[in-house]
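Tertiary structure, described
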Amino acid sequence: MSSERQKTDDDSSSESMSSTRKDGESSSDASMSQSSSHMNSSQARESHGSATESSRAYLDEEVIENLVVSCINKNSPLQLIRSLGAIFSSTEAVAGSFRARAVTPIDLLLRKAPQKDLRNLTKEDLRSLEGDLDKDEDSSCAGKETPPEIHETDVDVMGLRRSVKQLFGVDDPQANKPKNIFPVFEPVNNALQTLATSLKIDLEITTQREAIEDIIRIFVIVFEVMCIAPAEFLEGALTRMCSAAANLPTWAQARLAWIWARNCTPILRPLLESLQQIITLQVIPTMIPVQDNEAIVNATKVMKIVYYADILAGEVDPVQLREEDAPTGVSGDEDLEATARWSFDDVKFTSTAKADPLAQELGVQPVDSRRPFLPLSEFYNESLSDTIEMDYDYLNYKNMHMDEKNMNRKFCFMLYSFILTPATKTLALYYDSRIRMYSERRINLFTTHLSGQTPNPYLKLKVRREHLIDDALIELEMITMENPKDLKKQLVVEFMGEQGIDEGGVSKEFFQLIVEQIFNPDYGMFINQDDTNTMWFNSTSFENEAQFTLIGIVLGLAIYNNIILAVNFPKVVYRKLLGIRGSFPDLEDWNPKLFRSLKAMLEDDESDMEAVYMQTFEINYQDVFGNVLRHELKPNGRDIPVTQETKKEFVDLYTDYLLNGAIERQFSAFRKGFRMVTDESPLALLFRPEEVELLVCGSKEFDFEELQAATDYDGGYTAESQVIRNFWEIVHALPVEAQRQLLEFTTGSDRVPVGGLSRLKMVIARNGPDSDRLPTSHTCFNVLLLPEYATKEKLKRLLLKAISYCKGFGML
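Calculation rules
All chains use their own residue numbering, which begins from 1 and follows the written sequence. Selection of residues for local features in this predicted model requires a pLDDT of at least 70, selection of side-chain atom pairs for listing and counting requires 80 or more, and totals for whole chains, interfaces and linings are taken over all residues. The basis for every side-chain value is the complete set of non-hydrogen atoms in the structure, without hydrogens or water. Secondary structure elements are taken from DSSP: a helix is a run of H or I of four residues or more, a strand is a run of E of two residues or more, and numbering for both begins at the N terminus. Residue burial is assigned from relative accessible area. The probe radius is 1.4 Å, only protein chains are included, and a residue is buried under 20% of its type maximum, exposed over 50%, and partly exposed in between. Residue contacts follow a heavy-atom distance rule, with two residues in contact if any of their heavy atoms lie within 4.5 Å. Areas reported here follow the Shrake-Rupley algorithm with a probe of radius 1.4 Å; residue values treat only the protein chains shown as occluding. Angular values range over 0 to 180 degrees, each being the angle between N-to-C directions of two axes fitted as lines to C-alpha atoms, with helices fitted over their stretch in contact. When describing relative orientation, an angle under 35 degrees is termed roughly parallel and one over 145 degrees roughly antiparallel, while 65 to 115 degrees is termed roughly perpendicular and anything else oblique. Residues are grouped as follows: Ala, Val, Leu, Ile, Met, Phe, Trp, Tyr, Cys and Pro are nonpolar; Asp, Glu, Lys and Arg are charged; all remaining types, including Gly, are polar. Any Phe, Tyr or Trp ring, taking Trp's six-membered ring, that has another such ring centre within 6.5 Å forms a pair; planes under 30 degrees apart are called stacked, those over 60 apart edge-to-face, and the others tilted. The working definition used for a salt bridge is a side-chain nitrogen of Lys or Arg within 4 Å of a carboxyl oxygen of Asp or Glu. Only protein atoms enter the 1 Å grid, on which a cavity is a set of points fitting a 1.4 Å probe that cannot get out and a pocket is an open set with protein on both sides within 12 Å along at least 5 of 7 lines, lining residues being those with an atom within 4 Å of a point. Grid points are joined across faces, edges and corners, and a volume is the space filled by probe spheres set on the points. Here, nonpolar core refers to any group of buried Ala, Val, Leu, Ile, Met, Phe, Trp, Tyr and Cys residues whose side-chain atoms link them within 4.5 Å. Strand pairing requires that DSSP identify at least two bridges connecting the strands. One less than the residue count of a helix, multiplied by 1.5 Å, gives the span that helix is expected to have. Confidence of the prediction at every residue is given by pLDDT, a number between 0 and 100. Between N or O atoms, a polar contact is any pair within 3.5 Å; within protein, one atom must be a potential hydrogen donor and the other a potential acceptor, and residues adjacent in sequence are included only when both atoms are from side chains.

Another point: the overall build of the chain. Tallying secondary structure elements over the chain gives 34 helices and 12 strands in all. Across the 812 residues of the chain, 50% fall into the buried class. Partitioning the intrachain contacts of the chain with sequence separation of at least 6 by distance along the chain shows that 73% fall at a separation of at least 24. Here the chain has roughly 38800 Å² of accessible surface; of this, 49% comes from carbon and sulfur atoms.

Next up, the structure:
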């Protein structure tokens, strides 16, 4: 900062601080009193050193209150406006403002019980408060190995918050202070814009950690100000401040995320909403790709810091739950070619995708989030998701990986996937799988042409409907033995003895039939849990690991080929697929009754565990045949009773056995097959566990109004045609089961795609005049062929008959 600018700031600050501190006190006395107050409030001020710095103006709660009182008494805002303008435009002044003193037990008491009478405070109260303070400090890291100072700040956040509310006239019932009656938005907004410009320049040229720490302090202060102040900051100071904050180095972003998570949770929602508004306002009128809009890009980068602060402020799984072989990527150099003695154990997975630098710095991944402070769905921006061209964004993503040293790389929202809706992220996954399919097809055509072999550009499965499971598993096993890379080709299914070219519809039926059979409890690989109506791995299954690997391949192929399955797994399965071991909270969805029982045990701090529960470290359970099996959770567990001291250990061991240990053999093989298909894709980059479930099973919102609004018409039909109006009246009156049958008849699947039925783009085409012909369909293209029936009753009768007998393409 130039010396001229410093002199101007000092002069302005000196003039603005020559105000009265209270009624009857002279301006010179007030100036001396303020200087004395700042000199004694914090030893940190001495770090600024010189005599000129001692006269510089800073803000704290007392100064703000005195300025407001003085201006109210004088009925003039001039002094307040000058002071705020001078201080909020100076990096040194803001960095030195609102210095906090060390936290004492008295402060802790005021936080926990602000209405408590301090005169009744006893020594026992102080000891108790000191213990609470120690507990708070010990638990502040939420199980992550981070030094305490990383999430501490010397900003007096509470005082800052009260002062800002007082400045902008925000009602604060807990603060008994005079409310400012003068508008101060304009000078603060202008000053913060000047400050943002200075910060951006400083961050571009500064590498010293101490200097950047001061800048972090400034961001803590100004974002508090902008989140409490009026929304007019959106188009002014907040946009420019995002431009500056986007230049923070990774370690500083992590530091700011920790500070927000531990000290500033009340501003997370208003800050997120403000950033969403900036993006939405920029998206609507833009005529250029959103990746090239600097305001959108900068707001998204700041939102990423808020995103991780939101995760850190909530409940996070400990790092011990991460699997050592969590999904990463399959190396393109790994030789998976067939050998005569090939087995699934020969497949090795190596990492090709780089972890997010901010996640690495924080030591937390989005998949670790158990219960965030704010729902992560609030980070979706639907306007941006509807506007973004995912093909362009995917190209930017691929270019980043191809040329990591290119400094002119385009911004890529796939690396900030928290802001994209699941439907938009599904489109990115679709582009990735289709490009890989085309690549495999070209490679196959090229190599077979050189070798003179018959081209095999597709993953072709020929199966008999009567022996679907056996044929499918044998075909897949042969393919993985000969060349596992063929799994990345486009799937084409042929039912032997039936007419029908697979343009997508036959594959949908294949997956639907194979899921119905293979997840049937009679098949013995999975069991149905009646309480939750979910499928779980049979820990006593007679099938070997290869069979479960092939089932994982089937699930991966469905995702890879953009097909939704009628699979009802508990949520813990998707967490385990992404590399997180099951833990006690997962029991709530897996077995609610057991979860409530164990939770009651954990919360019972008074009972004699040995007398009341009579539980040892040995558990009993039944297999699918009703046989009672026993398992010791620890050596000699049958002789070790569960006590108050060991009940937490018992619950953890019990949970780990049920969700991990008992099915380790089956699930490891299942996940290996799944990863053989999906590991090179950006699946783990884009989707969280609950979104993977949505990707596999589809949406649960079964709204035929959406389908009607998105349907197109052909062959002479329009939305106003009488037969079309009759059709929708009939459909809306059908029970849900019949509606699912209609969906399956038309599209080949009764599942709702991610994003709702509006994503189907169904077409209803005229198929001749009135006749006794049944409606027909092209499931590959979601086309319903409907004759122009003369009456509504005839349409309903023939439509219901058609959807009731829609399996297969007919036997020859």
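The next thing to look at is unusual backbone geometry. Notably, Asn533 is not glycine yet its phi reads approximately 55 degrees, a positive angle. Relative to the helices and strands, Asn533 resides in the loop between strand S5 (526-529) and strand S6 (534-537). A positive phi is found at Met614, a non-glycine position, where the angle reads about 50 degrees. Take Met614: it is sitting in the loop between helix H26 (609-612) and strand S7 (618-622).

This next bit is on the packing of helix H20 (residues 468-482) against helix H22 (residues 545-560). For the pair H20 and H22, the least separation of the axes is 10 Å and the interaxial angle reads 90 degrees. Looking at the two axes, H20 sits roughly perpendicular to H22. Here Leu473, Leu476, Glu477 and Thr480 of H20 lie close against H22, whose contacting residues are Gln547, Leu550, Ile551, Ile553, Val554 and Leu557. Grouping the amino acids of the contact of H20 with H22 by side-chain chemistry returns seven nonpolar, two polar and one charged.

A separate point is the packing of aromatic side chains. Two aromatic rings, taken as a pair, are described by how far apart their centres are and by the angle between their planes. The full count for this structure, using the stated rule, is 30 aromatic pairs. For the pair Tyr416 and Phe418, a centre-to-centre distance of 6.3 Å together with 70 degrees between the ring planes defines the contact as edge-to-face. Relative accessible area serves as the criterion here: at 13%, Tyr416 is assigned to the buried category. Exposure remark for Phe418: the relative accessible area of 5% places this residue in the buried category. Geometrically, the ring pair formed by Phe526 and Phe537 is tilted, given 5.1 Å between the ring centres and 50 degrees between the ring planes. With Phe526 in strand S5 and Phe537 in strand S6, the pair connects residues that are 11 residues apart, well separated along the chain. Classification of Phe526 by relative accessible area gives buried; the value is 0%. Look at Phe537 and you get buried, because its relative accessible area is 1%. Joined through ring pairs, the aromatic side chains of Phe519, Phe526, Trp536, Phe537, Phe548, Phe569, Tyr574, Trp590, Phe667 and Phe670 make up one cluster.

Further remarks concern the pattern of salt bridges. Inspection of the entire model under this criterion finds 38 salt bridges. In this structure, Glu294 engages Lys200 in a salt bridge whose closest nitrogen and oxygen atoms are separated by 3.5 Å. Taken together, the positions of Glu294 in helix H15 (residues 294-313) and Lys200 in helix H10 (residues 185-205) put the pair 94 residues apart, joining distant regions of the chain. Residue class for Lys200 comes out partly exposed when judged on its relative accessible area of 26%.

Attention shifts here to empty space enclosed by the protein. Following the criterion strictly, the structure yields five cavities of 30 Å³ or more and no others. If you add up the space inside the largest cavity, you get close to 60 Å³. Lining the largest cavity, in full, are Lys508, Phe511, Gln512, Val515, Ile564, Leu565, Ala566, Gly748, Ser749, Asp750 and Arg751. Of the residues that constitute the lining of the largest cavity, the class distribution is five nonpolar, three polar and three charged.

Right, let's get into the nonpolar core. Ranked by size, the top nonpolar core spans 189 residues in total, and within it Phe219, Phe223 and Trp260 carry the most contacts. Of all the elements, helix H11 (residues 209-228) adds the most residues to this core, at 13 residues. Sequence-distant contacts of Phe223, that is, excluding residues within four places in its chain, are made with Leu238, Met241, Ala245, Trp260, Ile267, Leu271 and Val302.

A separate point is the sheet that holds strand S12 (residues 783-786). The strand order across the open sheet formed by four strands is S9-S10-S12-S11, and the pairing between neighbours is mixed. Edge strands, defined here as strands with exactly one partner in the open sheet, are strand S9 (712-714) and strand S11 (776-778). Going across the sheet, the axis of each strand differs from the next one's by a mean of 25 degrees, ignoring polarity. The sheet contact formed by strand S10 (residues 763-766) and S12 spans four bridges and is parallel. Looking at the pairing, Ile764 lines up with Leu784 of S12. Along the sheet face, helix H33 (residues 736-747) touches S11 and S12 and points at about 55 degrees away from the line of S11.

Under the 1.5 Å per step criterion, the end-to-end length of H20 is 21 Å for 15 residues, consistent within 8% with the ideal 21 Å. Residues of H20 that are buried: Leu468, Ile469, Asp471, Ala472, Leu473, Leu476, Ile479 and Thr480. As for H20, its buried residues are in contact with strand S3 (459-463), strand S4 (491-495), helix H21 (505-518), H22 and helix H28 (664-678).

Another aspect to go through is the confidence of the model for the chain. The predicted model of the chain averages 80 in pLDDT, with 79% of residues at 70 or higher. Confidence over residues 1-56 falls short of pLDDT 50; this stretch has 74 contacts with residues more than four positions distant or in other chains. Under a pLDDT of 50 for its full length, residues 808-812 has, in the predicted model, 16 contacts with residues more than four places off or in other chains.

Counted at 1.5 Å a residue, the expected span for H10 with its 21 residues is 30 Å, and the 30 Å between its end C-alpha atoms agrees. For H10, the full list of buried residues reads Phe185, Pro187, Val188, Asn189, Ala191, Leu192, Gln193, Leu195, Ala196, Ser198, Leu199 and Leu203.

Moving on, we come to the environment of Asn544. Within the secondary structure, Asn544 sits in the loop between S6 and H22. Take Asn544: its relative accessible area is 42%, and that puts it in the partly exposed class. It is 9.1 Å that separates the C-alpha atoms of Asn544 and Ala669, two residues lying 125 residues apart in sequence. Here Ala546 takes part through its backbone nitrogen, which lies 3.2 Å from a polar atom of the side chain of Asn544. Within the local environment of Asn544, its side chain forms a polar contact with the backbone nitrogen of Gln547, the two atoms lying 3.1 Å apart.

We now examine the side chain of Lys576. Position of Lys576 among the secondary structure elements: in helix H23 (residues 571-577). Within polar-contact distance, the side chain of Lys576 engages the backbone oxygen of Leu659 at 3.2 Å. Ignoring sequence-local partners within four residues, the contact set of Lys576 consists of Gly582, Leu659, Asn660, Ile663, Phe667 and Arg671.

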